[in-house]
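Residue strings, one per chain:
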Amino acid sequence: MKFCSACGQSVIQRIPDGDSRLRYMCEHCQTIHYQNPNIVAGVLPTWGTQVLLCRRAIEPRRGFWTLPAGFMENGETLDQAARRETVEEACARVGQTSLYQLFDLPHINQVHVFFRAELSDLDFATGVESLEVRLFEEHEIPWTELAFRTVARTLECYYRDRIRQHYPIGHEYLPPMNVSSSTS
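Conventions and cut-offs
- Residues numbered from 1 in each chain as written.
- Predicted model: local features only at pLDDT ≥ 70, side-chain atom pairs only at ≥ 80, totals over all residues.
- Heavy atoms only, no water.
- Helix = DSSP H or I, 4+ residues; strand = E, 2+ residues; numbered from the N terminus.
- Buried < 20%, exposed > 50% of the residue type's maximum accessible area, 1.4 Å probe, protein only.
- Contact = heavy atoms within 4.5 Å.
- Areas by Shrake-Rupley, 256 points an atom, 1.4 Å probe, with all protein chains shown as cover.
- Lys, Arg positive; Asp, Glu negative; His and termini not counted.
- Charge placed at Lys NZ, Arg CZ, Asp CG, Glu CD.
- UniProt positions renumbered as here; feature names shortened; annotations may be inferred.
- 1 Å grid on protein atoms, 1.4 Å probe; cavity = no way out; pocket = protein on both sides within 12 Å on 5 of 7 lines; lining within 4 Å.
- Points joined across faces, edges and corners; volume = space filled by probe spheres on them.
- Domains from an automatic or database assignment.
- Pairing = 2+ DSSP bridges.
- Core = buried A, V, L, I, M, F, W, Y, C linked by side-chain atoms within 4.5 Å.
- Expected span 1.5 Å × (residues − 1).
- Phe/Tyr/Trp six-rings, centres within 6.5 Å; stacked < 30°, edge-to-face > 60°.
- Lys NZ or Arg CZ within 6 Å of the ring centre and 35° of its normal.

A few points about the overall build of the protein chain
The number of helices and strands found in the protein chain is two helices and 11 strands. Secondary structure elements in the protein chain, listed N-terminal to C-terminal, are β-β-β-β-β-β-β-α-β-β-β-α-β. Principal-axis analysis of the C-alpha atoms gives the protein chain an extent of 60 × 30 × 30 Å. When burial is assessed residue by residue, the protein chain has 40% of its 184 residues classed as buried. Long-range pairs, those at least 24 residues apart, make up 61% of the contacts in the protein chain with a sequence separation of at least 6. Here the protein chain has roughly 10,200 Å² of accessible surface; of this, 51% comes from carbon and sulfur atoms. Of note, the protein chain has its 18 positive side-chain charges centred 4 Å away from the centre of its 23 negative side-chain charges.

Shown next as structure tokens:
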């Protein structure tokens, strides 16, 4: 950050009084510019024993499969963000959602949140951010073609939990991968 979004003057980095972290600050108007993690909200949509996945039409990881998910917008609840992303990516509607998996990714300043939900119907289609959308049985999941570790972990937990028909809320820290494959 180089300039203050409040007044346009140059910013500096320093630790504000009463704080413990280095922040961008404007010495002209005294605005402190906090930078906080982004929240990614998504849904694990199911239909019976099948899971709905989307093949990404955008970067990062274009061409790889994912659960419908994306960045939460201001003014949305987590549930609203997850439902919106499901409509945008898969033109799909879901019924009641249940909080399912949380992932801390501090190395990329993100938190990923996934809900479980049944599709309302089979009226889904390829959205503008997807190349393809389809239902998969467990044995058909393209594990080596999944876009993100959080998606793979969510699916792994789901198939483990489905056996017991008990879906506890999971919370995991995912550390950075090695430098050559740093996508989460």
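A look at the UniProt feature "domain: Nudix hydrolase" (unreviewed entry) in the protein chain
UniProt records the feature "domain: Nudix hydrolase" (unreviewed entry) at residues 34-159, using the numbering of this structure. Along residues 34-159 the backbone is 19% helical and 40% strand, and the end-to-end C-alpha distance reaches 39 Å.

Quick notes on the layout of surface pockets
Reported here for the second largest pocket is a volume of approximately 230 Å³. For the second largest pocket, the full set of lining residues is R21, R23, Q35, N36, P37, N38, D104, L105, P106, N109, Q110 and V111. Of all the elements in the fold, those that place two or more residues in the lining of the second largest pocket are β8 (94-105) and β9 (110-119). In this structure, the lining of the second largest pocket is formed jointly by two domains, domain 1 (1-35) and domain 2 (38-173), each of which donates at least three residues.

Digging into the sheet that holds strand β1 (residues 11-14)
Taken in spatial order, the three strands line up as β1-β2-β3 in an open sheet, and their pairing is antiparallel. Edge positions in the open sheet fall to β1 and β3 (32-33), since each of these has one partner strand only. As judged from the four bridges shared by β1 and strand β2 (residues 23-26), these two strands associate in the antiparallel manner. Following the sheet pairing, V11 is matched in β2 by C26.

Some words on the nonpolar core
One recurring pattern in soluble globular proteins is that nonpolar side chains are buried together. Membership of the largest hydrophobic core comes to 24 residues, with the highest contact counts inside it found for V51, L53, L67, L146 and L155. Per element, the largest residue contribution to this core is six residues, and it comes from helix α2 (residues 149-164). Counting residues in each nonpolar core, the second largest holds 15 residues, with L52, C54, V113 and L119 among its members.

Side note on the domain arrangement of the protein chain
Along its sequence, the protein chain is organised into domain 1 (1-35) and domain 2 (38-173). Put simply, the middle of domain 1 and the middle of domain 2, counted by C-alpha atoms, are 36 Å apart.

Some thoughts on α2
The first and last C-alpha atoms of α2 sit 23 Å apart over 16 residues, in line with the 22 Å expected at 1.5 Å per residue. Those residues of α2 not exposed but buried are T150, V151, A152, T154, L155, C157, Y158, Y159, D161 and R162. A positive backbone phi angle near 55° is found at Q165, which sits one or two residues after α2.

A short note on the side chain of E85
Considering the arrangement of structural elements, one finds E85 in helix α1 (residues 78-90). The residues touching E85, leaving out its near neighbours within four places in the chain, are A41, P68, A69, G70, F71, A90 and E129.

Description of the packing of aromatic side chains
In total, this model carries six aromatic pairs according to the counting rule given. Grouping aromatic residues by their ring pairs yields a cluster made of Y100, W143, Y158, Y159 and Y167. Over the aromatic face of Y167 sits the side chain of R116, whose NZ or CZ is 3.8 Å from the ring centroid.

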